[in-house]
Amino acid sequence: MLIKKPEDLRYSEITPRPVYLNRRRFLAGLPVALAGGRELLSPIRARAAGGRFANLVKSPFSTTEKPNSLNDVTHYNNFYEFGTGKDQPAKLAQKFKPGPDWRVSVEGAVAKPRKFALDELVALAPMEERIYRHRCVEAWSIVVPWVGYSLSVLLKQAQPTAKAQYVAFESYYSSSMMLSSEQAGIEFPYVEGLRLDEAMHPLAMLTFGMYGDSLPPQDGAPVRLTVPWKYGFKSIKSLVKIKLVEKQPASTWNLTNSREYGFYSNVNPQVDHPRWSQASERRLGEFFKRPTQMFNGYGNDVASLYNGMDLKKNY
Ligand SMILES: Nc1nc2c(c(=O)[nH]1)N[C@H]1C(S)=C(S)[C@@H](COP(=O)(O)O)O[C@H]1N2
Ligand SMILES: [Mo]
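Residues numbered from 1 in each chain as written. Chains lettered and ligands numbered in written order. Predicted model: local features only at pLDDT ≥ 70, side-chain atom pairs only at ≥ 80, totals over all residues. Heavy atoms only, no water.

Some details on the sheet that holds strand S3 (residues 114-117)
- Read across the sheet, five strands follow the order S3-S2-S11-S6-S7 without closing on themselves; strand pairing throughout is mixed. Strand pairing shows two members of the sheet lacking a second neighbour, S3 and strand S7 (191-195), which therefore form its edges. The mean angle between the axes of side-by-side strands here comes to 15°, regardless of whether they run parallel or antiparallel.
- Here strand S6 (residues 166-171) pairs with strand S11 (residues 239-245) via six bridges, running antiparallel. Bridging across to S11, glutamate 170 finds its partner in lysine 241.
- Against the sheet, helix H7 (residues 151-158) makes contact with strand S2 (103-108), S3, S6 and S11, and its axis sits at roughly 60° relative to S11, the strand it touches most. (Pairing = 2+ DSSP bridges. Helix = DSSP H or I, 4+ residues; strand = E, 2+ residues; numbered from the N terminus. Axes fitted to C-alpha atoms, helices over the stretch in contact; angles between N-to-C directions. Contact = heavy atoms within 4.5 Å.)

Here we look at the nonpolar core
- Within the largest apolar cluster, 80 residues are counted, with the highest numbers of intra-cluster contacts made by Phe169, Leu206, Phe208, Leu225, Trp229, Ile242 and Leu244.
- The element that contributes the greatest number of residues to this core is strand S5 (residues 140-150), accounting for six residues.
- Here leucine 244 is in contact with Glu107, Gly108, Ala109, Val110, Leu155, Pro160, Ala164, Tyr166, Val167 and Leu196, once residues within four sequence places are set aside. (Core = buried A, V, L, I, M, F, W, Y, C linked by side-chain atoms within 4.5 Å. Buried < 20%, exposed > 50% of the residue type's maximum accessible area, 1.4 Å probe, protein only.)

Focus on the packing of aromatic side chains
- All told, the structure shown has 17 aromatic pairs when counted by the stated rule.
- Between the aromatic rings of phenylalanine 79 and phenylalanine 82, the centroid separation amounts to 5.0 Å while the plane-to-plane angle is 85°, which identifies the pairing as edge-to-face.
- Look at phenylalanine 79 and you get buried, because its relative accessible area is 3%.
- Between tyrosine 149 and phenylalanine 208, the aromatic rings sit 5.4 Å apart at their centres with planes inclined by 40°, giving tilted as the arrangement. Here tyrosine 149, found in strand S5, pairs with phenylalanine 208, found in strand S8 (residues 205-210); they are 59 residues apart in sequence, far enough to count as distant. For the residue pair tyrosine 149 and phenylalanine 208, the accessibility class agrees, reading buried in each case.
- An aromatic cluster is present here, built from Phe79, Phe82, Phe96, Trp102 and Tyr172 joined pairwise through their rings.
- One Lys or Arg, arginine 133, reaches over the ring of tyrosine 298 and ends 4.9 Å from the middle of that ring. (Phe/Tyr/Trp six-rings, centres within 6.5 Å; stacked < 30°, edge-to-face > 60°. Lys NZ or Arg CZ within 6 Å of the ring centre and 35° of its normal.)

Digging into the confidence of the model for the chain
- Here the chain averages 88 in pLDDT, while 84% of its residues score no lower than 70.
- Within the chain, S6 carries the highest mean pLDDT (99), whereas helix H1 (residues 23-28) carries the lowest (35).
- Within the model, pLDDT remains below 50 along residues 4-50, and this stretch shows 88 contacts once partners closer than five positions in the same chain are excluded. (pLDDT = per-residue confidence, 0-100.)

Digging into the site of ligand 1
- Of all residues adjacent to ligand 1, which total 18 residues, the nearest are Asn77, Tyr80, Asp219, Arg224 and Lys237.
- Separating a nitrogen atom of ligand 1 from a side-chain N or O atom of glutamate 81 is a distance of 2.8 Å.
- Take aspartate 219: an N or O atom from its side chain is 2.7 Å from an oxygen atom of ligand 1.
- Notes on ligand 1: free accessible area 530 Å², of which the protein chains cover 100%. (Near = heavy atom within 4 Å. Polar contact = N/O pair within 3.5 Å; in protein donor to acceptor, adjacent residues only side chain to side chain. Areas by Shrake-Rupley, 256 points an atom, 1.4 Å probe, with all protein chains shown as cover.)

Thoughts on the environment of serine 150
- Its place among the elements puts serine 150 in strand S5.
- A relative accessible area of 9% places serine 150 in the buried class.
- Along the primary structure serine 150 and proline 202 are separated by 52 residues, whereas in three dimensions their C-alpha atoms are 5.2 Å apart.

Digging into the pairing of S3
- Note: S2 against S3, four bridges, orientation antiparallel. Note on S3: the bridge partner recorded for serine 105 is lysine 115.
- Hairpin geometry of S2 and S3 is characterised by an intervening segment of five residues between the two adjacent antiparallel strands.

Focus on the environment of alanine 125
- With respect to the helices and strands, alanine 125 occurs in the loop between helix H6 (118-122) and strand S4 (128-135).
- C-alpha of alanine 125 to C-alpha of serine 150: the two residues are 25 residues apart in sequence and 8.8 Å apart in space.
- Ignoring sequence-local partners within four residues, the contact set of alanine 125 consists of Tyr149 and Val153.

What about H7?
- For H7, every residue scored as buried is listed here: Leu151, Ser152, Leu154, Leu155 and Ala158. Looking down the long axis of H7, one finds its buried residues gathered within 160° of arc, a one-sided arrangement.
- Note on H7: the residue one or two positions beyond its end, glutamine 159, has a positive phi of about 60°. (Arc of directions from axis to C-beta.)

Here we look at the pairing of S11
- The pairing of S2 with S11 spans four bridges and is classified as parallel. Its bridge partner being in S11, valine 106 is matched across the sheet by isoleucine 242.

Quick look at the pattern of salt bridges
- Across all of its chains, the model carries 16 salt bridges by this definition.
- The closest approach of N and O atoms between glutamate 281 and arginine 283, which form a salt bridge, is 4.0 Å. Comparing glutamate 281 with arginine 283, the two get one shared label, buried.
- Bridged by salt links that share partners, the residues Glu65, Arg133, Arg135, Glu281, Arg283, Glu286 and Arg290 form one connected network. (Salt bridge = Lys/Arg side-chain N within 4 Å of Asp/Glu carboxyl O.)

And the structure:
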C-alpha cells in the first residue's frame, strides 16, 4: 500500500533462518526422485502426487472470467513482511518454507479450541478449486484459481460460543526472516478481522493453494484467507492464529491509517479512497481500466450481510 516508502531492502539485509523446515528430516520421508529436483518442497507438495492437489472439486462459486497467469499472481504481490514493493515478495519470500511443524491455533470464544497441524486442516474438507476475482484497494485486480474450502468448515468444528461476535486473524511473524515494523511501515504481526457472519459466509475461503498447487511463499504459504468481496488486504496471509472474540478486533491497515482503511473494507466503487478513486480498476495484464463492481461482483451473495448499514460510514 502507499503509506510510506521505506528504504529498499537488499536481499542480503535479511538473515534467512531455516526455522520451519528441518530439511533433512523432511526429505528423509520423500521418494528420492521427488526429493531430488524440487526447490519449493512443502508438506502439501509432498502429499499431493507431483506436488499438485489430487481430486480437486470444481466450485459453483467460481467466476467464468479468465484467470490471470500464474506468473502475474506470483510476481505482483503485497506481502509487507517480505518487502513493500510489488516485486519484492517474489524474491524475498523464497527462503520462507513453512514446514511440517506449522500450526494454526483456533481459540477464544469456542467450545473446542485446538491447534491444527497443516495436514489436519487439509484433511478437514474436500479441496475445491475456486476462481475468484481479487481486488486490491490500490485499484488493480486479478483472477485467481485458489484451492481450499470455506472457512466456515473450520469455525463450525471449533463451535463458537454465544460470546463470539467477531473473528480475529493473525499472520506468522519472524524478525529474522522478515522486515521490521519500522522498515515496512506497519505493525507486525499482521492482523485482520471479520464479523462472525462474514467469516461464516461460504465465500470466505481458507486457502491452501492456487493453480492446483500449494501456495507459493509470496502468496501466503502455507495457508491464508481469501475474502473475495473485500479489498485484498483483508485476505491475510500465512495464518497462525484464528481467535473468536466479542469485540471488533484490530486490523493492520486500519491501525496504520484509519481514515483511509476501515474495518469493513467492502469493495465499493461509490466510496473513494481519500487519495484515489475506487470506481475503476486495472486487471493485471490489461491496458484499459474496467469499472469496479459493488462487492467486487459478489453482491448477490453478500449484500444482505450489510442490510441497514451505512456503507459510506462503515467503509
Ligand atoms: N500477512 C500479510 N497478509 C497480507 C498482506 C500483507 O502485507 N501481509 N497484504 C494484503 C494485501 S494488501 C493484498 S492485495 C493481498 C495480496 O495477495 P496476493 O499477493 O496473493 O495477490 O494480500 C493481503 N494479505
Ligand atoms: Mo491490497
